[in-house]
Amino acid sequence: MNTEELKDKRIAVLLSGGVDSSVVVYELARQGLQPDCFYIKIGPKDEEEWDCTSEEDMEMASAVAAKYGCKLEVVDCHREYWDQVTAYTMEKVRAGLTPNPDVMCNRLIKFGAFHEKRGHDYDIIATGHYAQTELENGVKWLCTAPDPVKDQTDFLAQICDWQLQKAVFPIGHYLKDEVRQIAEREHLVSAHRKDSQGICFLGKIDYNEYLRRYLGEAQGDVVELETGRVIGHHQGHWFHTIGQRKGLGLGGGPWFVVKKDVEQNILYVSHGYDPETAYRQDFLVRDFHSLNGVTPPAEVTIKIRHTPEWHAATLEPLGQNDYVVHSSAPIHGVAPGQFCVIYDARHHRCFGSAEISL
């Protein structure tokens, strides 16, 4: 949206205290707009016990909002996060799947619970995601950012149509280096903050420790797929994912996790730097979620993880919202529970995503 389209709108900015959302506030302010800023609190259950960065985040967010004369309000979505996103994550991991909590956080919390609590009072919700939108014939599209490394359309591919209608991404047309340069030039307090890594609410918490607190440990066998030989043991299949190489504790490697037997708590691994069993070219996806109601064509591009890597593919319909994906090339580490994100043939417009089910 341009300034004319925004000037009569009530705008909410989700301000995390990081450099990206800080530059969002600057971008809107330089256009003569004065958004209201909101810090969403979704930290750990026991903040004193877990090492969390929320206090520093709040200080940064407060400084940026004050710099541009914007109101800042804290919206506590802590309970909603733990009741919805954590429940989703634990359910998937316990079933041997590879979930993406950050994807569901966008749908359920940033554009969901926040909307129910405060966002319904606003016409526009602006975030620091690296993504763009286009409007054609009354249809709004989620489009990729020019920075292939930072593009975050994969994290947004499960939001609902009404959520996309309200979403604006003011820095989506920039490269990450350009955003840093703007923050430095404008002397934003967050200019030199490192990008957050891993699951959005964990801060410095180790993901395996997070799983251990909720699912415990259960020793099982590590078996070489090709020979059936037991070569080691693990403490629970939920600590491992398809395609994993590091952290297995096996000698004589490298070893890759290529399969799980959830009922027997067995990890199957293959040996070598590039084993054929670590790749898949054809796989099933279920419950395709369309961002705007448009059905994807047969010829598409896809990605299955947050990397610049994408693949040309064809979709074979299997009834309502299910497809077999035929990739043009084998893909490493395709894991059930991951989201397969579907784009047009130019890898520009995003149709939505579906959960991989091998």
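Above: the structure in question.
Residues numbered from 1 in each chain as written. Predicted model: local features only at pLDDT ≥ 70, side-chain atom pairs only at ≥ 80, totals over all residues. Heavy atoms only, no water.

Enquirer: Can you lay out the pattern of salt bridges for me, pointing to particular residues and giving the numbers?
Expert: Two side chains that carry opposite charge are able to pair once their charged atoms sit near each other. One pass over the full model with this rule turns up 19 salt bridges. Glutamate 355 is the partner of lysine 92 in a salt bridge, and the nearest nitrogen-oxygen pair spans 3.0 Å. With lysine 92 in helix α4 (residues 78–94) and glutamate 355 in strand β17 (residues 349–356), this pair connects stretches of sequence that are 263 residues apart. Lysine 92 sits in the buried class, given a relative accessible area of 17%. Its salt-bridge partner being glutamate 134, residue arginine 349 comes within 3.1 Å of it at the nearest N-O pair. Taken as a pair, arginine 349 in strand β17 and glutamate 134 in strand β5 (residues 132–136) lie far apart in primary sequence, 215 residues in all. Looking at glutamate 134, the relative accessible area reads 29%, which means it is partly exposed. If you follow the salt bridges from partner to partner, you end up with Glu209, Arg212, Arg213 and Glu217 in one network. (Salt bridge = Lys/Arg side-chain N within 4 Å of Asp/Glu carboxyl O. Helix = DSSP H or I, 4+ residues; strand = E, 2+ residues; numbered from the N terminus. Buried < 20%, exposed > 50% of the residue type's maximum accessible area, 1.4 Å probe, protein only.)

Enquirer: Just give me the short version of the nonpolar core, but keep the residues and values in it.
Expert: Ile109, Phe114 and Leu142 are the most contacted members of the largest nonpolar core, which has 36 residues in total. Elements with a minimum of two residues in this core: β1 (11–14), β2 (36–41), α4, α5 (101–117), α9 (207–215) and β16 (339–343). With near-sequence residues (within four places) excluded, isoleucine 109 lies in contact with Ile40, Ile42, Cys77, Glu80, Tyr81, Val85, Met104 and Phe114. One finds Leu15, Val23, Val24 and Ala183 within the second-largest nonpolar core, a separate group that totals 30 residues. (Core = buried A, V, L, I, M, F, W, Y, C linked by side-chain atoms within 4.5 Å. Contact = heavy atoms within 4.5 Å.)

Enquirer: Could you give an account of the sheet that holds strand β4 (residues 124–126), with specific residues and numbers?
Expert: Strands pair in a sheet through their backbones, by hydrogen bonds, and they do so in one of two ways: parallel or antiparallel. Ordered in space as β3-β2-β1-β4-β7, the five strands form an open sheet in which the pairing is parallel. The sheet is open, and its two edges are formed by β3 (72–76) and β7 (167–168), each paired on a single side. Bridge count for β2 against β3 is five bridges, and the pairing is parallel. Opposite isoleucine 40, over in β3, you have valine 75 as the bridge partner. Where helix α2 (residues 19–30) meets the sheet, its contacts fall on β1, β2 and β4, and the angle it forms with β1 comes to roughly 155 degrees. (Pairing = 2+ DSSP bridges. Axes fitted to C-alpha atoms, helices over the stretch in contact; angles between N-to-C directions.)

Enquirer: Please give an account of the environment of valine 103 that cites residues and values.
Expert: Mapped onto the secondary structure, valine 103 falls in helix α5. You can call valine 103 buried: its relative accessible area is 3%. Separated by 54 residues in the primary sequence, valine 103 and alanine 157 have C-alpha atoms spaced 7.6 Å apart. Residues within four places of valine 103 in sequence aside, it is in contact with Asp154, Phe155, Gln158 and Phe339.

Enquirer: I'd like to hear about the packing of aromatic side chains, residue by residue, with values.
Expert: One pass over the full model with this rule turns up ten aromatic pairs. Each ring, one from phenylalanine 38 and one from tyrosine 122, has its centre 5.4 Å from the other, and the planes form 80 degrees; the classification is edge-to-face. Residue phenylalanine 38 is located in strand β2, and its partner tyrosine 122 is located in the loop between α5 and β4; the two are separated by 84 residues in the primary sequence. An identical accessibility class is assigned to phenylalanine 38 and tyrosine 122; each is buried. When the ring of tyrosine 207 is compared with that of tyrosine 210, the centres are 5.7 Å apart and the planes differ by 40 degrees; the resulting orientation is tilted. A residue pair is termed a helical-turn pair when its members lie 3 or 4 positions apart in one helix, as tyrosine 207 and tyrosine 210 do in helix α9 at three residues. Of the residues examined, tyrosine 207 reaches a relative accessible area of 29% and is grouped as partly exposed. Through successive ring pairs, a cluster of aromatic residues spans Trp82, Tyr207, Tyr210 and Tyr214. (Phe/Tyr/Trp six-rings, centres within 6.5 Å; stacked < 30°, edge-to-face > 60°.)

Enquirer: Any chance you could break down the sheet that holds strand β9 (residues 230–234) for me, citing the residues and the numbers?
Expert: Across the sheet, which stays open at both edges, the four strands sit in the order β9-β8-β11-β10 with mixed pairing between neighbours. Strand pairing shows two members of the sheet lacking a second neighbour, β9 and β10 (255–261), which therefore form its edges. Geometrically, the sheet is characterised by an average inter-axis angle of 30 degrees between neighbouring strands, direction not taken into account. Inspection of the sheet shows strand β8 (residues 220–224) paired to strand β11 (residues 266–271) by three bridges, in the parallel sense. Residue pairing for β11: valine 222 is matched across the bridge by leucine 267.

Enquirer: Residues and numbers for helix α8 (residues 176–185), please.
Expert: Three or more residues of α8 are buried, namely Lys176, Val179, Arg180, Ile182 and Ala183. Buried residues of α8, seen end-on, are gathered within an arc of 160 degrees and therefore sit on one face of the element. For α8, the exposed residues set more than 90 degrees away from the buried face come down to Asp177 and Gln181. Those residues of α8 that are buried are in contact with α2. Just past α8, the residue histidine 187 takes up positive phi, approximately 55 degrees. (Arc of directions from axis to C-beta.)

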